[in-house]
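Given next are the chains, with one letter for each unit.
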Amino acid sequence: MAGGAARTAAVQGKTIEIVTQALMVTLLPRLLGPVEFGRLMVAVAVVTLTSVAISLGAPAAFARFVPAEPTDRRRGLARAMTRHLLGIRTVQLVIAAALAVALVLMLPQRFAAPDAGWVVSALAIDVAAVLGAQIALGLGLTWVWSFRIAIKNAALLLSVPAIYLLAGPAGLLAGIVVSAAAGFVFTVWTSGRLLRGARSDVAIPAGAFRYGIVAGLAAFVGQATYRGPVLAAGLVAGASDQTGFVALASSIALAVMLAVRELFTVSLPEMVEQWGQGPGRAERLTRRIGWWSIAVLTAGAVAGVALIRPLLPLIVGQEFLAGLGVMVPILVLLPLLPLPLLGWQVAALQLRPHVALAINAAGVVAFVAAAALLIPVWGGVGATAGLV
């Protein structure tokens, strides 16, 4: 698939993801209410953050190094990198499961065994799906990477109401396992044969995984910033209305940030090819995507100021109107979201992942400091204000 067509397909995947994310943050809060919606989003945040930590930037390494190889060597490099990662991922998942068991045994009132089981199961399935999806990403099938997330969102959106109505709160977190399984099946179906006939004599470039580790730390720190509000609210307030309010607000911010970030990510293989023809072309494309993103998000923030009060109770239910103040910092944040991502993309093209790590580290340090000061005073508003 040509670069422009691949990016178009990826954008279509992002469009579906945004639609499903929008439905998730409207239909699910209305069905579950603030307390159970907050509980579900805390579990989703834990799975996502741990999956990113385990993957540790491997998708970025695939997207950066596989397209840089000659065409006849790309599948071979993807094969070699995947084989290298299989054992590492197995050990990491065993450690994650052991930590979950330890938490259940030491803090049974805080961590229920069934919930921990659902979270660990979803994590294992999601990590396996990422292994396949990053192969597709490196080989230019960027739409697989984008659509996988949309499929997961759709599965969560469809399964949670059915599970909640049949099993009640006790079975609610089974939805995250169904979601992860849907993403895995889609990845196997679309990417299962990509490495057939791949050369076995291709060596992994020196520094590829070192680049991936630094990029992975940057991704993890960035995710921690945007997942931080709901985790902080859950830690401070537990299962409460405030956690649900923060979960709704931070889910909206996270959905927008991920959509913009994925637009940059799926454009990276094409930009790498253009970088070889001249850095200026790739940098101009990066800036153009960034400025269009800022313009669209600024318009969205302005519209949100005018419409949030009448629309919020209509969309997610009257119970969430008490959390209106928690949404205000998110509207301020929207136009600012693409700025650090621009720096991240240029750093990736220049093989300087430490720059992206520094950008994201500054963000998470600022969030932690602001949240520590503001949450005790403003509650949920302090959690989302920390993002700004």
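Residues numbered from 1 in each chain as written. Predicted model: local features only at pLDDT ≥ 70, side-chain atom pairs only at ≥ 80, totals over all residues. Heavy atoms only, no water.

## Quick notes on the overall build of the protein
At step 1: Helix and strand content of the protein: 13 helices and zero strands.
At step 2: Overall, the protein shows an N-to-C arrangement of helices and strands of α-α-α-α-α-α-α-α-α-α-α-α-α.
At step 3: Counting the 388 residues in the protein, one finds 54% classified as buried.
At step 4: Contacts spanning at least 24 positions in sequence make up 81% of the contacts within the protein whose residues lie at least 6 apart.
At step 5: For the protein, the computed accessible surface area is about 16700 Å², with 71% contributed by carbon and sulfur atoms. (Helix = DSSP H or I, 4+ residues; strand = E, 2+ residues; numbered from the N terminus. Buried < 20%, exposed > 50% of the residue type's maximum accessible area, 1.4 Å probe, protein only. Contact = heavy atoms within 4.5 Å. Areas by Shrake-Rupley, 256 points an atom, 1.4 Å probe, with all protein chains shown as cover.)

## Regarding the environment of T187
At step 1: Along the chain, the position of T187 falls in helix α6 (residues 174–191).
At step 2: When sequence neighbours within four positions are dropped, the list of residues in contact with T187 reads A129, G132, A133, R148 and G192.
At step 3: Among the polar contacts listed, one links the side chain of T187 to the backbone oxygen of G183, at a separation of 2.8 Å. (Polar contact = N/O pair within 3.5 Å; in protein donor to acceptor, adjacent residues only side chain to side chain.)

## A short note on the packing of aromatic side chains
At step 1: In this structure the tally under the stated criterion is one aromatic pair.
At step 2: Aromatic side chains F186 and W189 sit 6.4 Å apart centroid to centroid with 55° between the ring planes, which places their arrangement in the tilted category. Linking F186 with W189, this pair stays in helix α6, spanning three residues, or about one helical turn. (Phe/Tyr/Trp six-rings, centres within 6.5 Å; stacked < 30°, edge-to-face > 60°.)

## Quick notes on the side chain of T82
At step 1: Here T82 is to be found in helix α3 (residues 74–106).
At step 2: Beyond its immediate chain neighbours, meaning those up to four positions away, T82 contacts F62, I135 and L195.

## A word on the pattern of salt bridges
Side chains that carry opposite charge are capable of pairing whenever their charged atoms lie near each other.
At step 1: Considering all chains together, one arrives at four salt bridges under this definition.
At step 2: In the salt-bridge network here, residues are joined through shared partners; they are E36, R39 and D115. (Salt bridge = Lys/Arg side-chain N within 4 Å of Asp/Glu carboxyl O.)

## What to know about the environment of A60
At step 1: Residue position: A60 is located in helix α2 (residues 58–65).
At step 2: When the C-alpha positions of A60 and Q134 are compared, they lie 8.3 Å apart, and in sequence the two are 74 residues distant.

## Points about the confidence of the model for the protein
At step 1: When the pLDDT values of the protein are averaged, the result is 78; 81% of them are 70 or greater.
At step 2: Within the protein, the element-level pLDDT minimum falls on helix α7 (residues 208–237), averaging 68, and the maximum on α6, averaging 91. (pLDDT = per-residue confidence, 0-100.)

## Remarks on helix α4 (residues 113–138)
At step 1: For α4, built from 26 residues, the straight-helix expectation of 38 Å at 1.5 Å per residue is met to within 8% by its first-to-last C-alpha distance of 38 Å.
At step 2: Phi turns positive one or two residues past the end of α4, at G140, with a value near 95°. (Expected span 1.5 Å × (residues − 1).)

## Notes on a nonpolar patch on the surface
At step 1: A contiguous nonpolar surface patch, about 580 Å² in accessible area, is contributed by V101, L103, L105, M106, L107 and F111.
At step 2: Inspection of the secondary structure puts F111 in the loop between α3 and α4.
At step 3: Residue classification places F111 among the partly exposed residues on the basis of a relative accessible area of 33%. (Patch = residues over 30% accessible without salt bridge, like charges linked within 9 Å, V, L, I, M, F, W, Y side chains within 5 Å.)

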